[in-house]
Amino acid sequence: VSVPAGTYLVDAVTSLHLRSGQTLSLASGAVLKAIPNGSSNYTILRISGVSNVNVVGGTLLGDRGAHTGTSGEQGMGMRITGSAQRIAVVGVTARECWGDGFTIGGASDVTLCNVTADHNRRQGLSITSGSRIVVKDSTFTNSRGTIPEDGLDIEPNSGETVDTVLVTGCVFSNNAGDGVENGVPTAYTGLAFIRNVVIEGNTMSGNGVNTLHSGPRSGIEVSNTSGHILRNNIIQSNAGYGIYLRDGVTGTTVTRNTVAQTPLNGILEYR
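Trainee: Honestly, the nonpolar core in this entry has me stumped. Any pointers?
Mentor: When a protein is soluble and globular, its nonpolar side chains tend to lie buried together. Ile 47, Met 78, Ile 80 and Phe 102 are the most contacted members of the largest nonpolar core, which has 58 residues in total. Looking at which element gives the most residues to this core, the answer is strand E12 (residues 100-113), with 5 residues. Setting aside anything within four residues of it in sequence, one finds Met 78 in contact with Thr 43, Leu 45, Ile 47, Val 55, Leu 60, Val 89, Val 92, Gly 101, Phe 102 and Thr 103.

Trainee: Looking at this model, I keep getting lost on the side chain of Asn 224. Mind explaining?
Mentor: You can see Asn 224 is positioned in the loop between strand E22 (218-223) and strand E23 (229-231). Among the polar contacts made by the side chain of Asn 224, one reaches the main-chain carbonyl oxygen of Val 184 at a distance of 3.2 Å. Side chain to side chain, Asn 224 and Thr 189 meet in a polar contact 2.9 Å long. In contact with Asn 224, not counting residues within four places along its chain, are Val 184, Pro 185, Thr 186, Thr 189, Arg 246, Asp 247, Gly 248 and Val 249.

Trainee: What exactly am I supposed to notice about the sheet that holds strand E11 (residues 93-95) here?
Mentor: Reading across the sheet, the 10 strands line up as E2-E5-E8-E11-E13-E15-E18-E21-E24-E27 and stay open at both edges, with parallel pairing between neighbours. In the strand order of this sheet, the two ends are held by strand E2 (6-10) and strand E27 (258-260), each with one partner. The mean inter-strand angle of the sheet, taken between neighbouring strand axes irrespective of direction, is 10°.

Trainee: For this particular structure, what's the right way to read the packing of aromatic side chains?
Mentor: Note on aromatic pairs: each is described by the distance of the centres and the angle between the planes. Per the counting criterion, the structure on display carries 2 aromatic pairs. Measuring from centroid to centroid gives 5.2 Å for Phe 140 and Phe 172, while their planes differ by 10°, and the two rings are stacked. On the criterion of sequence distance, the pair formed by Phe 140 in strand E15 (residues 139-141) and Phe 172 in strand E18 (residues 171-173) is long-range, its members being 32 residues apart. Classification of Phe 140 by relative accessible area gives buried; the value is 0%. Phe 172 gets classed as buried once you look at its relative accessible area, which sits at 0%. Each ring, one from Tyr 241 and one from Tyr 244, has its centre 4.7 Å from the other, and the planes form 50°; the classification is tilted. Both residues of the pair, Tyr 241 and Tyr 244, count as buried.

Rules behind the numbers
- Residues numbered from 1 in each chain as written.
- Predicted model: local features only at pLDDT ≥ 70, side-chain atom pairs only at ≥ 80, totals over all residues.
- Heavy atoms only, no water.
- Core = buried A, V, L, I, M, F, W, Y, C linked by side-chain atoms within 4.5 Å.
- Buried < 20%, exposed > 50% of the residue type's maximum accessible area, 1.4 Å probe, protein only.
- Helix = DSSP H or I, 4+ residues; strand = E, 2+ residues; numbered from the N terminus.
- Contact = heavy atoms within 4.5 Å.
- Polar contact = N/O pair within 3.5 Å; in protein donor to acceptor, adjacent residues only side chain to side chain.
- Pairing = 2+ DSSP bridges.
- Axes fitted to C-alpha atoms, helices over the stretch in contact; angles between N-to-C directions.
- Phe/Tyr/Trp six-rings, centres within 6.5 Å; stacked < 30°, edge-to-face > 60°.

Structure, rendered in structure tokens:
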């Protein structure tokens, strides 16, 4: 399905749904724009329970500035869920969403390449469950408005697992939360799991400024999980810590990173 340049209004409460075997190709000037709504939970473009789907180009534009509700944080640009498999998202921009630009939950073999998430209210990208996920050559900026406010948040809920994620060649900048947060909430210890996350060759800068969190944020934060690699990242001018390992992080390698111009610890290992 090819969509030419133009602005197309979408009822994001019911969403646009893609089918298996489908490629949605959006021209560079094509915008799928959420009709302003008051819902705490919406999705402009939904990929759920399908396989072999590609989305290429275009912009998903949320209703953040015109949202008629005041509660909730689940207004998403794109949601990949429901055991979706073999999904590629290339060159897509998601901005001004009430929640996340992009969300992955319960999907496998998903690649996001050259995507941009900008000025979304909760975060640029959330990964709550799934396996074999690649995020590469992408940009996540200006997440702010309701916590966590991260560029990328890998955070499973109780009963969920995230397994095998590669984050490489990406830029995480000016997010009010962490550049990248990779952690299991302490309340879900033994109930949720993250395995084999590699964060390599990325740049994290200017994150953590004017955060809504009670404590300082970081370029990269890993918490209450094990078995990860942080390698060859450039982490500079973040408001809190450079790299923060906390609450029982084990089996994790931190090597050949550059951490600079950080007002608190460059690297902090805590508890």
